[in-house]
Every structure is written in structure tokens, then in C-alpha cells.
Amino acid sequence: MPEDFPDKISPMVVKEVRQGLRSRSFILSFLLLHTALVLWAAGFLSDSGSSKSAADGIFWTILGVGLAIVVFRAQSAVRGERDGKTLELLQLTRLTAWNIVAGKWCSLMVEALVVITGVLPYFALRYYFGTLRILQDSAVVGSLLVLCGLIAAFMVMLSCLGKLIGGIARVASYLVLILFGIQALAFFAMGRAGRAGFSGEPGQLALFLLLALPYTMLFLGVAAASVAPASENIATRQRLWGLALFVPAGIAAFTMNEQTWGPLLACALPGLALLALECLLRRSNTSLPVYAEGFGRRAWRRALAPLFAPSHGAGILFFLMLWGAFAAGILTAKSQGADYVAVAGYASVTNTLLLPVALAIVMRRFLKIHSYPARYWISVAVLTLPVAMLGTLCMGSFADTARAIMAFLPLGILVTLDSRGGDDAWPALIAGVHTALWALVIVPFLVRDFRAVRRMMRGERVELPSA
Amino acid sequence: MSTLSPVEAAPVSDAHAVPPPLPDIVVSVRDLHRHFNNVHAVRGVSFDIRRGQVVGFIGANGAGKTTTMRILATLDEPTAGTVTVNGHDLRDDPVSARRFIGWMPDAYGAYDNMTVAEYLDFQGRACGLPRALRRERMEEIMHFADLLPLADRMVNRLSKGQGQRVCFGRMLLHDPEFLLLDEPAAGLDPKARIEFKNLVRILAARGKTLFISSHILSELDEMCDSLLFIDSGRLVHHGSAHTLKHGSADGTAVFVIKVADTPVERLAEWASMNPGWSFAERLRDGARLRHESGAPAEVAAGLRRMILDGIPVTDFHREERRLEEAFIDMISNKSK
């Protein structure tokens, strides 16, 4: 290996790998893993009459637990930097927020790889026992690595959140992970993994691998956004990611039938979530050079640049455009029956998205609020969704007039239609008017914001309006 | 040595009255405000720091000291006002400004499982220093901050003083012009404090501009060319330690005069007959006299007259206040 090899990779990865591999918890878990595997091998060799599948199950369980210990260390990845007051020092260097979180994640993956590499001799032992199936076992190991990556990214994200939100999210996620973990352990312990791949169905395995990537990116993107200082442009990167995740799903949505759009939505959602978080939660960036970034002389770049600039207006427009395109794709499939359900449903969901944005804009104008923190959007969601759900529950028994009123509520129409299953035109009309009203509130804001961004790109100092 | 900035003559209360920054000014702060919800942490602070100056930043807990320091370090954004470092506006272009800024927080960030050499190497790489330059800078800094014996020690196992030296070295890696040090001597033993003061002196001699906050005012007195006092988010003084120590709360100067074989009453009589002088306090072998302005020419003329009037003066010196007293005087004056 050349002497300057570490210079060719991110300093954050080098630092984290150095620290990680020397850490007491990693060394201890590595030793415990091998002790367990040695006992496993010794037990298996001494008792030739034992069930091969049971031994196989124990082997996978030990490996799974070993990897889980490595991955769960990520829960203090960024929190440790924050508590140790080293995060600020990193923010003053040339490292971006993405460099920081990706460095943490990469080091965990390196540790996971070290664990798996260290286990390879035991695979040779399994060959000797006659339980090794190269293809299936490779699939299981690959799936375990991808799962490790996904959980590590999730843990890194949790470690970036604030104390209250992070604490609640951590407890909730531990419960979920423990439940899934028990299932997975039972699955491995029964020895099914070695025989039938990760889940028994090659299609499901492929789908899991396909979806793991966008969700890993979503978690790391959220982590980077919460670490990034106000002056760092994370908007352009997140919009490009959003686009990258969304475009394949959006295109596929036009060709898929009604039954298979679920996985597509699952693939597109991380992209949309990244965009929504970026354009609704972050303060407008005030750093002028950020707006000049990638702003070339070519006409197409000049035209597209404002859409990728870190401002709320551009973010909201970008989000709505992608959402619209995706919904159009789904509608193409869904509305082949030429009913109004899909149209009204789509409009209803759009209203749900537009309502807090419009409220924020109106309130900002009267209360001179500069930006809206996460708690605003959480409050809106908490207040809005129960009303919509209440509407859902009451729909079946209410009179037509009541239903018409409820249809004005976000998501109300969707539910009305589902409960009626009808083909009336009125919900779609109401939804259309409803959307148009929200749009009327939002459009002037978007225009003003776009003008401000263009002025920033010309090097003028402008106070950007916030959502 | 002390070069006072144009705004130090009077505490800045009106931003519009402040003259434009001069070309050799490294840091320029104008009408800086910072709100945290309903708390107004910094209120209209304005000052300039010239190249090569060592400026002490003094304030009680919660006075707005750390907030101002964090804004200067680009770790926080002002609610209003402008801050430029080497001509780069910290709000408009913090990334460019960071090249010129070195930040040393009150608590040095120690990493687990990392040696001092690896720590410095990582920080150098994070600052984007190419390999050859990084090696050169690391060697230079390890010599300068006496870190060579610690190179292979784990960062998290160093003493407070050693850790501060590592932090000091880290701050200097990218060769910044403007160094911000937040409570750098807090928790250090006397030996480490002397070492730290020496490092500051060397850096100042090399033309670096230093901005140091501390609660230990006597230390700032020894190191700094000028001092900034902040109270309740407002700047209450910007001037040299010399000016502060030789002044008094009411603007007068106090002189200690010792005489031989003469009743102290003669000094009181003399003071009552000479305009500008007044008797302050009787001492065992002399008295404290107060002069209304403390202007050197008038004081010299007064001493000459005293000797001509036949008073056998054996000692005559201006009484210095401790900085702590000056600080308390200033705060109590502002609150009146």
C-alpha cells in the first residue's frame, strides 16, 4: 500500500477508522465474537450427531449479534463529537457536514467488513461440515452488510438529533429494532437464512437491496442537514439526491400497474422526504458565494440554478414539482378506470402538503417571523392529522353536507372518496378549488423568493424570505 | 506599544457615529446584535482590531462575551450588524473568512484513541493542507508548542496544560492571522500559564492578531495591548490596560506622595492652595493627593511646584488600580 494512501481518502474516514478499530468496545466485541465462534466450532466438532441446521443457525446468530454490536455503536457517533465540543472544530475546517456523517458511516462499514473478514475461516469450517452453500451464504453476507449500512445510517441520524427529539426517536427505534431483531434472530436460529437467502424470496431480497440504498441516503442526508452550519449549502446536494432517487421511481410509475406502485412510492419517498426537510425546516442561507456555486454562463445553467439554490421558495417549488410528476405517474396507472377518486385523492394530499406552507407564509407576513423551526412543522402535523383522521372516521355516517365540509380538510377528500368508493365529480371539483386557493397564497411568495435568489446570484446582498 | 482604535475614546453607543474602518484593521465589528428568542445577548457592539494587536475581552458570566467570540469564529450568526475579518464579511462569506481565523475554545476537544501526532495530522488534512506543507507545519508547530515529547501520547490522556498546548497547536496549523482564544488559561497551573503567556508573546511578535477572553484580568493585563469590557451585551470600554489602571471611577488620578520629616498637614495645605489638586487621604509618612485630570504636563508642573515650595518629597508615584477594581468601577458607573 503506498505511503500516501490515507491522503487519497477523506480525512474523516481515516480518523474514524483509526479511532474505531482501536476502541475498547470494538476490540472487546471482536474478541467475544471469536470466542463464541470457537466454542461453536468446538461444540460442533465434539458432537457429530447434532443437527447441522441448528449449528448453522447458531453460526448466523453469532455473526448477526457481532455485527449488531458494531453497528449500534453509531448511536453516539455525532453526539460524542457534540458533547466533546469537537464538532464545532470540525465545522471550522473544510470538512462539510456530509464529509462528517459519511466518514462516521464509512468507518462503521469498515468495522463490519473487518468482522466479516475475521469470520471467513469459520466459513471454511462450515465447508468441512458440509453446510456451506456459496451462493446463498454470499447473499446472506451481502444482505447483512447492506442491513448494517442501513441501520448504521439510521443510528448516525439519531445521534445527530437534539436531546429531546433524539431521545424519543432512539427509544422508539430501539423498540422497533428489538422486535425486528428478535424475529431476525429466530429466523437465523432456525437456520433458514443459509438455505433460502435473506428472506426466502429472491424478489424480496432484490427489493430490500434496492430500497436500502435510498433509505441509507435519506438517513445520512438528514444527519448531514442537522450537523451542517447555517452557512453551508446542503440544499443543492439534497435536491440532486431527491431527483436521483425520485426520477427512476417516477418514470417507472407511468408503466407500473396499480398493485405495484407501493414499492415505487417507497423508493421515491426518501427523495421527497429529503427535499421536504430541507425546504421546510432549514433557515435560508445567507452566504453569498453559495448562490454563485455552479452558476455558469450557459443559458440552461442560468435557468436551472435558482431551482437548486438554497432558498425556501425554490425548495418548495422543487418539492411540489417532483410530487406532481410522481403523482401524475401514479395517476396514469390509477385513473385508467376514469374515475375521480385518484384525482381528488391526489389533490387532497397536495393540500395537506400546502396547508402548513401557506399558513407559515401568512403568519410570517403578520408576525414578522424569520424562519420556522422543526417544532412549528411538528405542531402543524400534530394538529392537522387528527382532524383529517377524525374526518375519516366520521365520513361513513355523516350527511352529504357534512362530507362536503370535511372535504375541505387536508386528506379529508381522500378518505371521503375511499369511504364512498363513488364516482361523483364534486370531491374532485372541491379539491381542485382547494388546491388553487392554497396555490394563490404560495405563488406570490415563490415569485418573490425567486427574484431574491436571482439578485443574490448577481452578488447583491438580499434578505431572503423564509417559509 | 498600545495603539488605540478610533472607537476606544468613548464606548460605542451609536453605530452611526463610528468612523469607517482603516485599511490595517484586521477585524471590524459594527453594530453587532444577537438575539436568542427574548434574550438580547449582544447589543450594538462595535470595535476594530488592528493587525498585530493583542486584545483582551473581559466580561462577567452572561455578559455576551462567548456569544461575540462565537460570532467572530463564524460558529454563530449575528441577528444584525456586520463583522469583517480581513475584509471578508462573516455573514456573506464565512468560508473564506475561516482561512484567516484560528479558534481555540475554552475546552479543548480530545478524541479517544488518537495520538497527538495523529490528531494534528487529521486537523491539518481537514484544513486542506497538502501532504508536504502539512508535515512542515506540524514539525514547526510541535517545536513551537513543545509538543514533540507528546507526539505519541494519546490526546485524551494529556494533562489540562498539555491539552491546551495541543489545542493551541491545532489552532495554528493553517497559519491563521487572527487568533481567537476563549478562556485559554482557565484551569492551568502556574507553570502552564507562564508557558502559555510566552507563546502569546511570541505570536504577537510574529505579527498575529490575538483576541483573548479571560476571567483572570491580571493575565490579560500582562499580555494585551488593549482591553474590551463588555457588560449586559454592551461594550463599556475599549482602551489600554495602562489607561484603565491609571484612571479612576470619577476620571481623576490619585498620587501617593511620601515626605521626610514634614507634617502631613503641609501636603493638605499645599493641595488646598494649588488648583486642580485635592487632599484624598492621610498616610503614615505622606498622603494621597488627587489630581482632577492626571494630565502628565500638569502633574509634572505640580511636582515641580511642590519641591519649590520646600516640601521634601521622597517618593511620588501614580497609584494604579487593579484591573478588577477598574472593571467593577466601570460596571457600577454604567449602572448608575
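The residue numbers shown here count from 1 along each chain, following its written sequence. Labels are handed out in written order, letters beginning with A for the chains and numbers beginning with 1 for the ligands. Two thresholds apply to this predicted model, a pLDDT of at least 70 for residue-level local features and 80 or more for giving and counting side-chain atom pairs, whereas whole-chain, interface and lining totals are computed over all residues. As a convention, hydrogens and water are excluded, and side-chain values are obtained from all of the structure's heavy atoms.

This next bit is on the overall build of chain B. In DSSP terms, a helix is any run of H or I states spanning at least four residues, a strand is any run of E spanning at least two, and both are numbered starting from the N terminus. Within chain B, the secondary structure is distributed over 11 helices and 14 strands. Burial status follows relative accessibility: with a 1.4 Å probe on protein chains alone, a residue under 20% of its type maximum counts as buried, one over 50% as exposed, and anything between as partly exposed. Buried residues in chain B amount to 53% of all 336 residues. Two residues qualify as a contact provided that any one of their heavy atoms is within 4.5 Å of a heavy atom in the partner residue. Sequence-distant contacts in chain B: of pairs separated by 6 or more residues, those separated by 24 or more amount to 68%.

Next up on the list: the overall build of chain A. The helix and strand inventory of chain A stands at 20 helices and 0 strands. Relative to its full complement of 467 residues, chain A shows a buried share of 48%. Taking the intrachain contacts of chain A between residues at least 6 apart in sequence as the baseline, contacts between residues at least 24 apart amount to 77%. Residue-level accessible areas treat just the shown protein chains as cover; the underlying method is Shrake-Rupley with a 1.4 Å probe. When the accessible surface of chain A is summed, it comes to about 22100 Å², and 70% of that surface belongs to carbon and sulfur atoms.

Let us look at the packing of aromatic side chains. Between rings of Phe, Tyr and Trp, where Trp is taken as its six-membered ring, a pair exists when centres lie within 6.5 Å; planes separated by under 30 degrees are stacked, by over 60 edge-to-face, and by other angles tilted. Across all of its chains, the model carries 18 aromatic pairs over all chains by this definition. Their ring planes at 80° and their centres at 5.8 Å tell us that Phe168 of chain B and Phe196 of chain B sit as a pair that is edge-to-face. Remark: Phe196 of chain B occurs in helix H6 (residues 190-205) and Phe168 of chain B occurs in helix H5 (residues 160-172); sequence separation between them is 28 residues. The class for Phe168 of chain B is buried, based on a relative accessible area of 1%. Following the ring pairs from residue to residue traces out a cluster consisting of Trp40, Phe59, Trp60 and Phe123 of chain A. Positioned above the aromatic ring of Phe122 of chain B is the side chain of Lys15 of chain A, whose terminal nitrogen or guanidinium carbon lies 5.6 Å from the ring centre. Whether a charge sits over a ring depends on NZ of Lys or CZ of Arg being within 6 Å of the ring centre and within 35 degrees of the ring normal.

Close inspection of predicted coordinates is inappropriate for parts of the model with low pLDDT. All names here are of chain B. Each residue carries a pLDDT score, the predictor's own confidence in it, on a scale running from 0 to 100. Per-residue confidence for chain B gives a mean pLDDT of 83; residues scoring 70 or more make up 89%. Throughout residues 1-16 the model reports pLDDT below 50, and contacts reaching past four residues in sequence, or to other chains, amount to 31 contacts. Taken together, the chains of this predicted complex give a pTM of 0.78 and an interface ipTM of 0.78.

Another point: empty space enclosed by the protein. Buriedness of a pocket was judged along seven lines, with at least five required to meet protein on both sides within 12 Å; pockets are open sets of points on a 1 Å grid over the protein atoms alone, cavities are sets where a 1.4 Å probe fits but cannot get out, and lining residues have an atom within 4 Å of a point. Grid points are joined across faces, edges and corners, and a volume is the space filled by probe spheres set on the points. Scanning all chains against the criterion turns up 4 cavities of 30 Å³ or more. There is about 90 Å³ of room inside the largest cavity. Along its surface, the largest cavity is lined by 13 residues, and Glu278, Arg282, Arg283, Asn285 and Pro310 of chain A are the ones closest to its centre. Its residues assigned to classes, the lining of the largest cavity shows 5 nonpolar, 4 polar and 4 charged. Taken together, Met104, Gly161, Gln164, Arg165, Phe168, Leu188, Ala192, Glu195, Phe196 and Leu199 of chain B make up the full set of residues lining the second largest cavity. Elements supplying a minimum of two residues to the lining of the second largest cavity: H5 and H6 of chain B. Here the term charged refers only to Asp, Glu, Lys and Arg, the term nonpolar to Ala, Val, Leu, Ile, Met, Phe, Trp, Tyr, Cys and Pro, and the term polar to all other amino acids, Gly among them. Residue composition of the lining of the second largest cavity, by class: 6 nonpolar, 2 polar and 2 charged.

Residue and element names in this part refer to chain A. Every axis corresponds to a line fitted to the C-alpha atoms, with the helix fit spanning only the stretch in contact, and the corresponding angles, defined between N-to-C directions, vary from 0 to 180 degrees. Between helix H2 (residues 24-46) and helix H6 (residues 97-129), the least distance of the axes is 11 Å, while the angle of their chain directions is 5°. Judged by the inter-axis angle, H2 sits roughly parallel to H6. Counting all contacts with H2, which are made through Phe26, Phe30, Leu33, His34, Leu37, Val38, Trp40, Ala41, Phe44 and Leu45, the residues of H6 involved are Glu111, Val114, Val115, Gly118, Val119, Tyr122, Leu125, Arg126, Tyr128 and Phe129. Class assignment for the residues of the contact of H2 with H6 results in 16 nonpolar, 2 polar and 2 charged. Here the word oblique covers every angle except those under 35 degrees (roughly parallel), over 145 (roughly antiparallel) and from 65 to 115 (roughly perpendicular).

So, on to the side chain of Asp76 of chain B. Residue and element names in this part refer to chain B. In this structure, Asp76 sits in the loop between helix H1 (65-72) and strand E4 (80-85). A relative accessible area of 16% means that Asp76 is categorised as buried. What qualifies as a polar contact is a pair of N or O atoms within 3.5 Å, subject to a donor-acceptor requirement within protein and to the restriction that residues adjacent in sequence count only when both atoms come from side chains. In this structure the side chain of Asp76 is engaged in a polar contact, spanning 3.0 Å, whose partner is the side chain of Arg34. Those residues in contact with Asp76 that sit more than four places away from it in its chain are Arg34, Phe36, Thr67, Arg70 and Ile71.

So, about the state of the cysteines. Covalent bonding between the sulfur atoms of two cysteines is what defines a disulfide. Residue and element names in this part refer to chain B. Counting rule for disulfides: a pair of cysteine sulfur atoms within 2.5 Å. Evaluated as defined, the whole model comprises 0 disulfides over all chains. Cys127 carries a free sulfur, and the closest cysteine sulfur to it, the one in Cys167, is 12 Å from it. Of the residues examined, Cys167 reaches a relative accessible area of 1% and is grouped as buried.

Chain B puts 35 residues into the contact, and the matching count from chain A is 35 residues. Buried area is understood as the total, over both parts, of accessible area removed when two parts are fitted together, assessed with a 1.4 Å probe. When chain B packs against chain A, close to 3000 Å² is buried across both sides, 48% of that on carbon and sulfur atoms. We define a salt bridge as a side-chain nitrogen of Lys or Arg found within 4 Å of a carboxyl oxygen belonging to Asp or Glu. On the surface where chain B and chain A come into contact, there are 5 salt bridges. Here Glu118 of chain B makes a salt bridge to Arg18 of chain A, at a shortest N to O gap of 3.9 Å. Where chain B packs against chain A, one counts 10 residue pairs in polar contact (both at pLDDT 80 or more). Within the residue set of the side of chain B that touches chain A, elements represented by two or more residues are helix H2 (94-98), helix H3 (116-126) and helix H4 (131-144) of chain B.

With that out of the way, let us pick up the sheet that holds strand E2 (residues 39-50) of chain B. Sheet strands line up and pair through hydrogen bonds in the backbone, either parallel or antiparallel. Residue and element names in this part refer to chain B. The pairing criterion is simple: DSSP has to find at least two bridges between the two strands. Here we have 4 strands laid out as an open sheet, ordered E2-E1-E4-E5, and antiparallel in their pairing. For this open sheet the edge positions go to E2 and strand E5 (88-89), each flanked by a neighbour on one side alone. Pairing between strand E1 (residues 25-36) and E4: 5 bridges, direction antiparallel. Residue pairing across strands places Ser28 opposite Thr84, the latter belonging to E4.

Now for the sheet that holds strand E9 (residues 226-231) of chain B. All names here are of chain B. Strand order in this open sheet of 6 strands is E6-E7-E8-E3-E9-E10, and the pairing throughout is mixed. Of all the strands in the sheet, just strand E6 (101-104) and strand E10 (234-239) have a single pairing partner and so form its edges. With direction set aside, neighbouring strand axes in the sheet form an average angle of 15°. Across the sheet, H6 lies against strand E3 (54-59), strand E7 (178-182) and strand E8 (209-213), angled at about 150° from E8, the strand it touches most.

All names here are of chain A. Patch building starts from residues that exceed 30% relative accessible area and form no salt bridge, then joins like charges within 9 Å and nonpolar side chains (Val, Leu, Ile, Met, Phe, Trp, Tyr) within 5 Å. Taken together, Leu164, Ile165, Ile168, Ile378 and Val382 make up a surface patch of nonpolar side chains, about 510 Å² in accessible area. Put simply, the parts of the chain that give the nonpolar patch at least two residues each are helix H8 (163-189) and helix H17 (374-395). Along the chain, Val382 falls in helix H17.

Using the criterion set out here, one finds 23 salt bridges over all chains in the structure. Two residues, Lys104 of chain A and Glu16 of chain A, come together in a salt bridge whose shortest N-O distance is 2.8 Å. Of the two residues, Lys104 of chain A is situated in helix H6 and Glu16 of chain A in helix H1 (residues 11-22); the sequence distance between them amounts to 88 residues. Judged by its relative accessible area of 5%, Lys104 of chain A falls in the buried class. The partner of Arg22 of chain A in a salt bridge is Glu118 of chain B, with the nearest N and O atoms 2.6 Å apart. Linking Arg22 of chain A in helix H1 with Glu118 of chain B in helix H3, this pair reaches from one chain into another.

Turning our eyes to something else, we now look at the nonpolar core. Proteins that are soluble and globular tend to have nonpolar side chains buried together. Counting residues in each nonpolar core, the largest one holds 145 residues, and the members touching the most others are Phe168 and Phe211 of chain B. The biggest single contributor to this core is helix H7 (residues 134-160) of chain A, with 14 residues. Joining through side-chain atoms within 4.5 Å is the link that ties buried Ala, Val, Leu, Ile, Met, Phe, Trp, Tyr and Cys residues into a set, and such a set is a nonpolar core.

Across the interface, H1 of chain A lies against H3 of chain B with an axial gap of 9 Å and an inter-helix angle of 155°. Our classification of the angle between H1 of chain A and H3 of chain B gives roughly antiparallel. Of H3 of chain B, the residues touching H1 of chain A (which contributes Pro11, Met12, Val14, Lys15, Arg18 and Arg22 of chain A) are Glu118, Asp121, Phe122, Arg125 and Ala126 of chain B. Tallied by class, residues from the contact of H1 of chain A with H3 of chain B come to 5 nonpolar, no polar and 6 charged.

With that settled, the discussion passes to the pairing of E2 of chain B. Residues and elements named next belong to chain B. Among the 12 residues that make up E2, 9 are buried, leaving the element largely enclosed by the rest of the structure. Pairing analysis gives 9 bridges linking E1 to E2, with the strands arranged antiparallel. Among the inter-strand pairings, Leu32 is bridged to a residue of E2, identified as Val45. Here E1 folds back onto E2 in antiparallel fashion, the turn holding 2 residues, of which Asn37 has a positive phi close to 50°.

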